[in-house]
Amino acid sequence: MFRLNAFHSSKLNLKWAGMFWLLNAFLLTAVAFRFWQWISIPPGDIRSLVYLLTTQYGLFGAFCVLAMIIQCLVCFLPPRLFRSVGILMAFFLSALLVVDTLVYAQYRFHLNGVVLEMLFQGRDIIDLSWYTWLIGGCIGLVLLAVQCLFSAMATRMPRLQRLRKPAYVLMAVSILVSQGLHVWDDANYKTQIPGYTRQFPLYYPLTAKSRLVKWGLVDPSVALNKENNLHVASEGVLHYPLQAIQFQKPAQQPNILFILIDAWRYDDANPQVTPNVSRFAQQALRFHQHRSGGNSTEPGIFSLFYSLPDTYWLSVRNSGQRPVLMQTLADQGYEFSIHGSANINHPPFDRTVFAQIPNLKISNGARTPALRDQEITDDFKQFIDKRDGSRPFFGFLFYDAAHGYDLPPNPVTPFQPYWDRVDHIKLNNDFDPTPYHNLYRNALYYDDGLIGQVLTKLQQAGLDKNTLVIITSDHGEEFNDHKKNYWGHGSNYSDVQIHVPMFMRLPDGQSGDIDRRTTHFDVVPTLMATVAGVKTPVSDYSVGQNMLDPSAPQSQDMIVGSYYNYAVVSPDLINVVYPGGVFETLTPDLNPTKHRLLQGDRLKNIISLMSRFNR
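A few points on the structure. (Residues numbered from 1 in each chain as written. Predicted model: local features only at pLDDT ≥ 70, side-chain atom pairs only at ≥ 80, totals over all residues. Heavy atoms only, no water.)

In this fold, Pro-409 is placed in the loop between α13 (401-404) and α14 (434-460). Relative accessible area serves as the criterion here: at 60%, Pro-409 is assigned to the exposed category. Sequence separation between Pro-409 and Leu-371 is 38 residues, and the spatial gap between their C-alpha atoms is 9.0 Å. (Helix = DSSP H or I, 4+ residues; strand = E, 2+ residues; numbered from the N terminus. Buried < 20%, exposed > 50% of the residue type's maximum accessible area, 1.4 Å probe, protein only.)

In structure tokens, the structure reads:
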């Protein structure tokens, strides 16, 4: 009798699961239409429309089928418990998709390890307001209620079972149609349908170029034109630098101080927002067309210190290779004073940029970015008082209040009106960015005051005349400048996200405006030549040039990194390259264009830059 009851319960559970997960396939497919506001379909292109519809139903249907198979492993459970397990599984799956649509709306990439780490890092990275949590909680309750409704429908509405077989057949047909269209267009180097791959989460469509050529279904000559296609150079063993660094140690060694404000856009470096830095800039070189090598912190800092494109980041991270600049300064006896407001091990700069630094401080005790910024300022001032005066020093200060939109208690707030908290969920294409931007400017104003304290301390200690000071940022910050619902950074490669301030005060007192295009890749070659006396050819350790040499050859293309893709950015075009080699071409205002930038010698140069330092 027990076996008969168990068999009967299992049969009921399987029947319920088949209907319940089919309803969830419909739900996920409907939720995924939120991605369509970012999908461009050419007028009259029925093939693309069919592909998108079949891909969407097939993909999210497959997710639900997989979840159903996993749940059915415990079909022996009592029906009530079995259904509760299914409700929880479906709730988390649908909640993840909703969160993914929100992430994609702001950043144009899907949930990944980097985003989850930012969320779990809390106030250090993304500070979600109570309002955001409230709205999120309400959405969660709605999703849970929908799952309970689906469970009841699968149990008490037997007529729905008639839909099950045709709906699953349609799901299978959708998968076959979508993958067939993708295989054919990919093999024939048509870019429209393969270009939709990035629009869907966890979507890895089929390809079969070589097999279709072997079967005689595709002209092999089509696949030979590789110059029109850009792929990331295969990741090899890092060979950096190409030869040992040779230098003649200067008789007079200046101190070096890097001061960075995280997420500082170029047009907010002005006397109103940053008065202390602006006064400093009057006695410095002002690089007005300077771009970072990244639109987020990791590639921005990486390009600044390694002078390499972000395509080398994984190789460097895995090897723990120290930047040649830091190694050379260590060999020349420099004392290091490294102060990051946010944790230095997220990203792992403690194992890369600042590897082998004695007594490296990973984190600070203060709870908020503004208070941590004050802490690193005080720590550096104490270093100046206690340092070894017989040695030159290398200092690094990385401020975080602007990135965190954080102000200290009783702040000075010259920019009004401003948000008293950041509610990310309110951000949309119609939102007025003024109060949000003013909060950011007030945070910059606060950090500018701290930088003023550092510069005053150098002067009081008599070190300002013998210290090379660089003030810049890792990347910019966007406030929906292009009216495409982009906010913050790490989401595109427009100027507002990569154009950053760059001020350099040399010990010899040079000052002036430099309007030619420079990049973070140029900083290391400049310091190696002017400060460290390095004689090794620049191309052996860098993709940049000496930014003080107006005759140095300048490339019109630069490689800019991000969280999961990269771009080749030129003055007139942006080519964004996604995993798998799919790319799209945009104008500087982020409008799609069919013009293909990557051709001939320019493409060869980019591929060379990405492969030069791999064995």
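Still more to cover.
A few words on the packing of aromatic side chains. Following the criterion strictly, the structure yields 36 aromatic pairs and no others. Ring geometry for Tyr-405 versus Phe-479: centroids 6.3 Å apart, planes at 85°, classification edge-to-face. Here the residue Tyr-405 occupies a position in the loop between α13 and α14, and Phe-479 occupies one in strand β6 (residues 478-479), the gap between them amounting to 74 residues. We classify Tyr-405 as buried; its relative accessible area is 11%. We classify Phe-479 as buried; its relative accessible area is 4%. Pairing Tyr-436 with Trp-487 gives two aromatic rings, centres 5.9 Å apart and planes at 35°, and the pair type is tilted. In this pair, Tyr-436 sits in helix α14 while Trp-487 sits in strand β7 (residues 487-488), placing the two residues 51 residues apart along the sequence. Taken together, Tyr-240, Phe-302, Tyr-306, Tyr-312, Trp-313, Phe-349 and Phe-613 form an aromatic cluster joined through their ring pairs. (Phe/Tyr/Trp six-rings, centres within 6.5 Å; stacked < 30°, edge-to-face > 60°.)

Before going further, it helps to examine the pairing of strand β8 (residues 502-505). By the alternation rule, side chains of β8 split into Met-502 and Met-504 and Phe-503 and Arg-505, which are all buried. With four bridges joining them, strand β5 (residues 467-472) and β8 adopt antiparallel strand pairing. Across the sheet, Val-469 pairs through a bridge with Arg-505, a residue of β8. (Pairing = 2+ DSSP bridges.)

Checked against the element boundaries, Glu-298 lands in helix α9 (residues 297-306). Despite its burial, Glu-298 pairs with no opposite charge, the nearest such side chain being Arg-317 at 7.4 Å. Look past the residues within four positions of Glu-298 in its chain and what remains in contact with it is Asp-310, Trp-313, Pro-347, Phe-349 and Ser-562. (Lys, Arg positive; Asp, Glu negative; His and termini not counted. Salt bridge = Lys/Arg side-chain N within 4 Å of Asp/Glu carboxyl O. Contact = heavy atoms within 4.5 Å.)

With an omega of -10°, the peptide bond running from Tyr-240 to Pro-241 counts as cis. Relative to the assigned elements, Pro-241 resides in the loop between α7 (209-214) and β1 (255-261). Following Gln-416, the chain continues to Pro-417 via a peptide bond in cis, the omega torsion being -10°. Positionally, Pro-417 belongs in the loop between α13 and α14. Of note, the phi angle at Ser-307 is positive, near 60°, even though the residue is not glycine. Within the fold, Ser-307 resides in the loop between α9 and α10 (313-319). For Ser-307, a relative accessible area of 0% gives the class buried. The backbone of Asn-480 shows a phi angle near 55°, a positive value even though the residue is not glycine. Using a relative accessible area of 1% as the deciding quantity, one classes Asn-480 as buried.

What follows is about the packing of helix α11 (residues 324-331) against helix α16 (residues 523-530). Relative orientation and spacing of two packed helices are given, respectively, by the angle between their axes and the distance between those axes. Relative to each other, α11 and α16 sit at 20°, their axes nearing to 10 Å. Here α11 is positioned roughly parallel relative to α16, judged by the angle of their axes. Every pair of crossing elements has a handedness; the one defined by α11 and α16 is left-handed. Residues Val-324, Leu-325 and Thr-328 of α11 touch α16, and the partners they reach there are Val-524, Leu-527 and Met-528. In the contact of α11 with α16, the residues fall into five nonpolar, one polar and no charged. (Axes fitted to C-alpha atoms, helices over the stretch in contact; angles between N-to-C directions. Parallel < 35°, antiparallel > 145°, perpendicular 65-115°, else oblique. Left-handed = near helix turned anticlockwise from the far one by under 90°. Nonpolar A, V, L, I, M, F, W, Y, C, P; charged D, E, K, R; others polar.)

Our next topic: the pairing of β1. Burial of β1 is extensive: seven of the seven residues sit out of reach of the surface. Side chains Asn-255, Leu-257, Ile-259 and Ile-261 of β1 all project onto a buried face; the interleaved residues Ile-256, Phe-258 and Leu-260 project onto the opposite face, where all are buried too. When β1 meets β5, the two strands line up parallel, connected through six bridges. When the bridges of β5 are listed, Asn-255 appears paired with Thr-467.

This next bit is on the sheet that holds strand β12 (residues 574-577). One open sheet accounts for four strands, arranged β10-β11-β12-β13; its pairing is antiparallel. Because the sheet does not close on itself, it has two edges, and the strands there are β10 (558-561) and β13 (583-586). Shown here is a sheet whose adjacent strand axes are inclined to one another by a mean of 25°, direction ignored. Of the pairings in the sheet, the one linking β12 to β13 comprises four bridges and is antiparallel in character. Bridging from a neighbouring strand, Ile-574 pairs with Leu-586 of β13.

A few words on helix α17 (residues 600-611). The terminal C-alpha atoms of α17, which comprises twelve residues, lie 17 Å apart, in line with the 16 Å expected from a rise of 1.5 Å per residue. Buried within α17 we find Leu-603, Ile-606, Leu-609 and Met-610. Each buried residue of α17 sits inside an arc of 125° when the element is viewed along its axis, so together they form one side. Looking at the buried positions of α17, the neighbouring elements they touch are β10 and β11 (566-569). (Expected span 1.5 Å × (residues − 1). Arc of directions from axis to C-beta.)

Attention now goes to the state of the cysteines. Under the counting rule described, the total for this entry stands at zero disulfides. Unpaired in this structure, Cys-75 has its nearest cysteine sulfur neighbour in Cys-72, at a distance of 6.2 Å. Of the residues examined, Cys-75 reaches a relative accessible area of 17% and is grouped as buried. Between Cys-148, a cysteine without a disulfide, and Cys-138, which holds the nearest cysteine sulfur, the sulfur-to-sulfur distance is 16 Å. Note on Cys-148: relative accessible area 41%, which makes it partly exposed. (Disulfide = S-S within 2.5 Å.)

Across its 27 residues, α14 extends 39 Å between first and last C-alpha, which sits within 8% of the 39 Å expected from 1.5 Å per residue. Counting buried positions along α14 gives 19 out of 27 residues, so the element sits mostly inside the fold. Gly-462 lies just past α14 and shows a positive phi near 70°.

This brings us to the nonpolar core. Formed by 71 residues in total, the largest nonpolar core has its most connected members in Phe-258, Phe-305, Phe-354, Phe-394 and Phe-396. Ranked by the residues each element gives to this core, the list is headed by α9, at five residues. Apart from residues no more than four positions distant in its own chain, Phe-396 is found in contact with Leu-257, Phe-258, Leu-260, Phe-305, Ser-337, Ile-338, His-339 and Phe-354. Counting residues in hydrophobic clusters, the runner-up holds 46 residues, among them Met-19, Phe-35, Val-98 and Ala-167. (Core = buried A, V, L, I, M, F, W, Y, C linked by side-chain atoms within 4.5 Å.)

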